Amino acid sequence: MGCWPHDNRLPSVSLYPDSPQVDLWPLTYTIVQYSFFVHRGIQAFAKDIVARHGRPGQQAMLFPTPRVAKRCLEFIRQRASPEITRQVGTIDFTLDRSKELSPQLKKLSSTISAVLYPQEAFPIAKQYWQHTGDGVSSRRAEFCHRLFAEGLLVPQANSNSDATTAAAKPFRGPKRYQRPGSVDDIAPKPTTTTTTAATTAAAEAAAKSVAPDEAQESNRFLEERYGRNLDLSLAQRASSAIRRRIAGAVAGDVDCAAGSKTRATTTAAAASDMHPNTRGLESLREDDVYLYPAGMNAIYNAHRALLSALDDKPSSSSDSAGGGPKPCINFGFPYVDTLKILQKFGPGGALFYGAGESSDLDDLEARLQRGERFLGLFCEFPGNPLLKCPDLARIRRLADEHGFAVVVDETIGTFANINVLRAADVVVSSLTKIFSGDSNVMGGSAVLNPEGRHYAALKRAFDDDYDDTYWPEDVVFMERNSRDFAARVDRINTNAETICDILLPHPLVKTVYYPKHNPSRPHYDAYRSPNGGYGGLLSVVFHKTAHAQAFYDALSTAKGPSLGTNFTLCSPYVLLAHYNELDWAAEFGVSPDL
């Protein structure tokens, strides 16, 4: 079944207690706060920024660009009291070009923007961070933390707001770190700047949270490659390879190991040569695939694109739109933050069909016939945790008749099993899950349907708004991890079906949710690829809560939130994701004991 890997970048947490006598089921309450936990390397950097540039009592949330940070700032200001908003501001950091820098370092987008706020505003700032996926990755933070410690990453001129006008204080790491030496016993190479005790502190503080093998690999990457001699085209080629895999290019991946000239030529040709591909769309191009640092960031930016491209005309309806901004539709029980994005970031709000049944489509069709208009419909295929599939064919027909866009999240089904692009305008996915599998890097993607009716408008909106904030080192890890994606999916499909075969006939089991065994299977099969399976995620509900608890406690697998890992993973999903809204989830058939 696999085991829990020793890696500090896992997009999950272990639910194992310190004592084997502790009952795991109620323990989930104590770790809910960690389900959306800011990586401690990012926390360390944020703390040092506040210590040097902030005011007493302030905290910081870190973002990759000033533009993103300003969006968070505005989100806080819209929701906080006037007293708090006066204490909120941003500070943008960039490379100090007055110092001698290596050519490779100059090419990197080594920027960090910090939103500083009083601790009372943390819940609001964390909402933005969690819902949007806009925050910095741990690898970017650790790399920039080192530059900050060396004095190479400095505030931009005039970037300080009123909330961050405290005088800069000397930066000193903890005394226990103020000693020479490399964290992985690699002798430091001469640099163009002086190494300080703070440099060593930042390096060792970052390394303390990294597994030994990962630390060595990551530190060599940072110290030797990015700082000295890394060919940055490696990340560019890795990005191209990822996009081609997602597009389903049959011609093969971009070679990330061949000679640079040949490789550059191959990559340029690949941008236009995407046929044949498993998506079945001859006009699909590599630049129709957009990469993001997290799956939620792909969904958030897809929503932003819809707002930009399709919400410029007032609706004529008198109910849901009322002549104002058009709402979106969330069809089916969603991942936690998808619904929150539609509700909090769109002026039109959201119409929520949590059950995702045919009767809901009947209601939607009646609304459309009465003149109500919508911006777009968001759905998962299949959904989590009930693994239900919406009637995409009917949704597509309604969308074509009434002009709204369709955004489908294929994370759970994966494009190795299903092909939903022909029914969607945008297909989004969390690459953090099965595409990576190794659980040491995050990522997301959005694919435009070049044959969709909204393609031209959406393409302009995506291109105009796109910020490539995917940190190059994360791109390299993702490319490496995903090389055996198709083979892993085949094995996972088989394992999941086998487990279902064991659970289904058991007298203690009430329901097994899996696309192959759900009533919505015909909808899944309509978009299943010729050699596709039914995915690696399944849910089970027992007749009695006590049986669920005993089963969970006795199961000898890794336990924690996430899915799509290269090791078997189990979690009491509903307790983790909806602990404060269990009654609401139950209204849509989602049992707290699932």
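Draft legend 1. Region of the structure containing the packing of aromatic side chains. Taken as a whole, this structure holds 26 aromatic pairs when the rule is applied. An angle of 55 degrees between the planes, with centres 6.4 Å apart, marks the rings of Y514 and Y534 as tilted. Of this pair, Y514 sits in the loop between strand 12 (509-513) and helix 19 (521-525) while Y534 sits in the loop between helix 19 and strand 13 (539-542), placing them 20 residues apart in sequence. The pair formed by Y514 and Y534 is uniform in burial state, with each residue classed as buried. Through a chain of ring-to-ring contacts, three or more aromatic side chains come together here, namely F63, F75, Y128, Y300 and F345. Stacked on the ring of F148, the Lys or Arg R52 has its end atom at 5.5 Å from the ring centre.

Draft legend 2. How the structure looks around the pairing of strand 2 (residues 89-95). Taken across its seven residues, strand 2 has six buried, putting it largely inside the fold. Sheet analysis places strand 2 next to strand 3 (residues 112-118), joined by five bridges and oriented antiparallel. In the strand pairing of strand 3, G89 is matched with L116. Two elements, strand 2 and strand 4 (residues 153-155), share three bridges in a ladder whose sense is antiparallel. Across the sheet, the residue bridging to L95 is L153, located in strand 4.

Draft legend 3. Broad picture of the nonpolar core. Core analysis: the biggest nonpolar cluster contains 72 residues, and F45, L62, I76, I112, V115, V426 and F462 have the highest contact counts within it. Per-element tally for this core: the top contributor is helix 12 (residues 295-310), with nine residues. Dropping the residues within four chain positions of it, I76 is found in contact with T85, V88, V115, Y117, A121, I124 and A125. With 57 residues, the next largest nonpolar core counts F381, F404, F415 and C500 among its residues.

About the criteria used
Residues numbered from 1 in each chain as written. Predicted model: local features only at pLDDT ≥ 70, side-chain atom pairs only at ≥ 80, totals over all residues. Heavy atoms only, no water. Phe/Tyr/Trp six-rings, centres within 6.5 Å; stacked < 30°, edge-to-face > 60°. Helix = DSSP H or I, 4+ residues; strand = E, 2+ residues; numbered from the N terminus. Buried < 20%, exposed > 50% of the residue type's maximum accessible area, 1.4 Å probe, protein only. Lys NZ or Arg CZ within 6 Å of the ring centre and 35° of its normal. Pairing = 2+ DSSP bridges. Core = buried A, V, L, I, M, F, W, Y, C linked by side-chain atoms within 4.5 Å. Contact = heavy atoms within 4.5 Å.

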